[in-house]
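Take a look at the letters that make up each chain.
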Amino acid sequence: MLLFTAAVAVAAPLSLGTAAAQTTLVPAQDAASLLGSQQAQGAVIWSHGRSLLKECSLAPTPEYIGVFRAAGWDTFRLNRPRITDTLPASGAALAEAAETLKQRGYRRVVLAGQSFGAFISLIAAGRGDAVDAVIGTAPAAYGSAESNPGGFLQNASGLYDLLGAVRRARVALFFFDGDIFDPGGRGPVADRILAAHGLSHLVIDKPAGLSTHWAAAGTGFATQYASCLVAFAAGRLAAGAFECGAQGAPAQIAGMGAATTPSPAPTPFTSFSQGNSASVIDLESGRREDVNRVLRRR
């Protein structure tokens, strides 16, 4: 059960005893800087990945989460010891955390996750209505082709099942070139599933200049996509104002220095659905096209 002070400020790690022993919700920023539910734009919970060899709870919070903090959001992270870190247990713990934050008055609750953390974020979004948006980077939970040849493809099929179960949240997904945990081809399928369920979504597949499973951790990703994700999380991205790392368009992020222009690369695409519309932005041409026609081309 989550416990908060009267000001909804977390001063120490808080145990989520009912869902997963030793799993804790902690601030991803200095606890004294938390604004509380009445002043913050919302709450973001970031969830790390999972490794059989080391404690991923020790991994640093990615830079893009700091941009949420600068934009007036309270930021947290769900730390999970690997010995108890399973999809059912951690997904339930995260759903509990989201529900508690919403009950405490946060107007928006956003779940962001890397790899295994992306999977449990989607699980939580399928368990209740407290989650307003999910940001999943390099989603994976079943190893690589080398480490788990018999189950590796579940990084695709398992993801599709979770996307189909999301109840109401907006969903942003990122797939990166050179990700050893990615079976390939997940971007177009994810876009189609989310569009079919009428969920507002953003799918960015193999963006230029960002590669490997850990591409979302650093400055390049934050510079290119953080401000867009803040707008997406707040529900402020209108279909006619879609500029999320578009190729050749500088990414303007307040407080992060000069804008940068991504280097050319093979054409990735992003998709954004409002209501039941299904369309994609082709980053090479900048044109919006019907998703089914684009999928037939690929």
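Residues numbered from 1 in each chain as written. Predicted model: local features only at pLDDT ≥ 70, side-chain atom pairs only at ≥ 80, totals over all residues. Heavy atoms only, no water.

1. A look at the confidence of the model for the protein
The pLDDT averaged across the protein works out to 79; a share of 72% of its residues lies at or above 70. Every residue in residues 1–13 is under pLDDT 50, and counting partners more than four places away or in other chains gives 35 contacts. Scored below 50 in pLDDT, residues 246–298 makes 119 contacts in the model with residues more than four places away or belonging to other chains. (pLDDT = per-residue confidence, 0-100. Contact = heavy atoms within 4.5 Å.)

2. A closer look at the packing of helix H2 (residues 87–103) against helix H3 (residues 116–125)
For any two helices packed against each other, the geometry is given by the interaxial angle and the distance between the axes. Axis separation between H2 and H3 bottoms out at 8 Å; the angle between their running directions is 60°. Relative to H3, H2 is oriented oblique. For the element pair H2 and H3, the recorded crossing hand is right-handed. Residue-level inspection shows Leu87, Ser90, Gly91, Leu94 and Ala95 of H2 in contact with H3, the latter providing Phe116, Phe119, Ile120, Ser121, Ile123 and Ala124. Class assignment of the residues belonging to the contact of H2 with H3 gives a composition of 8 nonpolar, 3 polar and no charged. (Axes fitted to C-alpha atoms, helices over the stretch in contact; angles between N-to-C directions. Helix = DSSP H or I, 4+ residues; strand = E, 2+ residues; numbered from the N terminus. Parallel < 35°, antiparallel > 145°, perpendicular 65-115°, else oblique. Left-handed = near helix turned anticlockwise from the far one by under 90°. Nonpolar A, V, L, I, M, F, W, Y, C, P; charged D, E, K, R; others polar.)

3. Here we look at the layout of surface pockets
Empty space within the largest pocket amounts to approximately 870 Å³. If you go around the largest pocket, you meet 33 residues; those closest to its centre are Gly49, Arg50, Ser51, Cys56 and Ser115. In terms of residue class, the lining of the largest pocket is made up of 17 nonpolar, 12 polar and 4 charged. (1 Å grid on protein atoms, 1.4 Å probe; cavity = no way out; pocket = protein on both sides within 12 Å on 5 of 7 lines; lining within 4 Å. Points joined across faces, edges and corners; volume = space filled by probe spheres on them.)

4. Regarding the pairing of strand E3 (residues 43–47)
With 5 of 5 residues buried, E3 lies mostly within the body of the structure. The alternating pattern of E3 places Ala43, Ile45 and Ser47 on one face and Val44 and Trp46 on the opposite face, and all of these are buried. Alignment of E3 against strand E4 (residues 74–79), held across 5 bridges, turns out to be parallel. Directly across from Val44, in E4, lies its bridge partner Thr75. Relative to strand E5 (residues 109–114), E3 is paired through 5 bridges, and the arrangement is parallel. Bridging across to E5, Ala43 finds its partner in Val109. (Buried < 20%, exposed > 50% of the residue type's maximum accessible area, 1.4 Å probe, protein only. Pairing = 2+ DSSP bridges.)

5. Here's the deal with unusual backbone geometry
With phi around 50°, Ala138 is a residue other than glycine that occupies positive phi space. Topologically, Ala138 is positioned in the loop between strand E6 (133–137) and helix H4 (154–165). For Thr212, which is not a glycine, the phi torsion comes out positive at approximately 80°. Along the chain, Thr212 turns up in the loop between strand E8 (201–205) and helix H6 (219–233).

6. Let's talk about the packing of aromatic side chains
Tallied over the entire structure, the rule returns 10 aromatic pairs. Judged by centre distance (6.4 Å) and plane angle (15°), the ring pair of Phe174 and Phe176 falls under stacked. In this structure Phe174 comes out as buried when scored by relative accessible area, which is 0%. On the basis of relative accessibility, which here comes to 1%, the residue Phe176 falls in the buried class. (Phe/Tyr/Trp six-rings, centres within 6.5 Å; stacked < 30°, edge-to-face > 60°.)

7. Describing the packing of H4 against helix H5 (residues 186–196)
Closest axis-to-axis distance for the H4/H5 pair is 9 Å, and the angle between their directions is 20°. Taken together, the axis directions place H4 and H5 in an arrangement best described as roughly parallel. Crossing hand, H4 versus H5: right-handed. On the side of H4, the interface is formed by Asn155, Ala156, Leu159, Tyr160, Leu163 and Gly164, while H5 contributes Arg186, Val189, Ala190, Ile193 and Leu194.

8. Focus: the nonpolar core
Grouped together as the largest cluster of nonpolar side chains are 41 residues, with contacts concentrated most on Ile45, Phe76, Leu111, Leu122 and Leu163. Of all elements in the fold, only E3, E4, H2, E5, H3, H4, strand E7 (170–175) and H5 reach the threshold of two or more residues within this core. The leading source of residues in this core is H3, at 7 residues. Leu111 has contacts with Ile45, Leu94, Ala98, Ser121, Ala124, Val131, Ala133, Val134 and Ile135, leaving out every residue within four places of it along the chain. Val67, Val110, Ile135 and Ala172 belong to the second-largest nonpolar core, a separate cluster that totals 31 residues. (Core = buried A, V, L, I, M, F, W, Y, C linked by side-chain atoms within 4.5 Å.)

9. Topic: the pattern of salt bridges
Enumeration over the complete set of coordinates arrives at 7 salt bridges. Lys102 is the partner of Asp132 in a salt bridge, and the nearest nitrogen-oxygen pair spans 3.0 Å. Of this pair, Asp132 sits in the loop between H3 and E6 while Lys102 sits in helix H2; the two residues are 30 residues apart in sequence, bridging distant segments of the chain. Overall, Asp132 belongs to the buried group, its relative accessible area being 8%. Classification of Lys102 by relative accessible area gives partly exposed; the value is 24%. The residue Arg168 makes a salt bridge to Asp132 at a minimum N-O spacing of 3.1 Å. Placement of Arg168 in the loop between H4 and E7 and of Asp132 in the loop between H3 and E6 is noted, with a sequence separation of 36 residues between them. Salt bridges here are not isolated pairs; linked through shared partners, they connect Lys102, Asp132 and Arg168. (Salt bridge = Lys/Arg side-chain N within 4 Å of Asp/Glu carboxyl O.)

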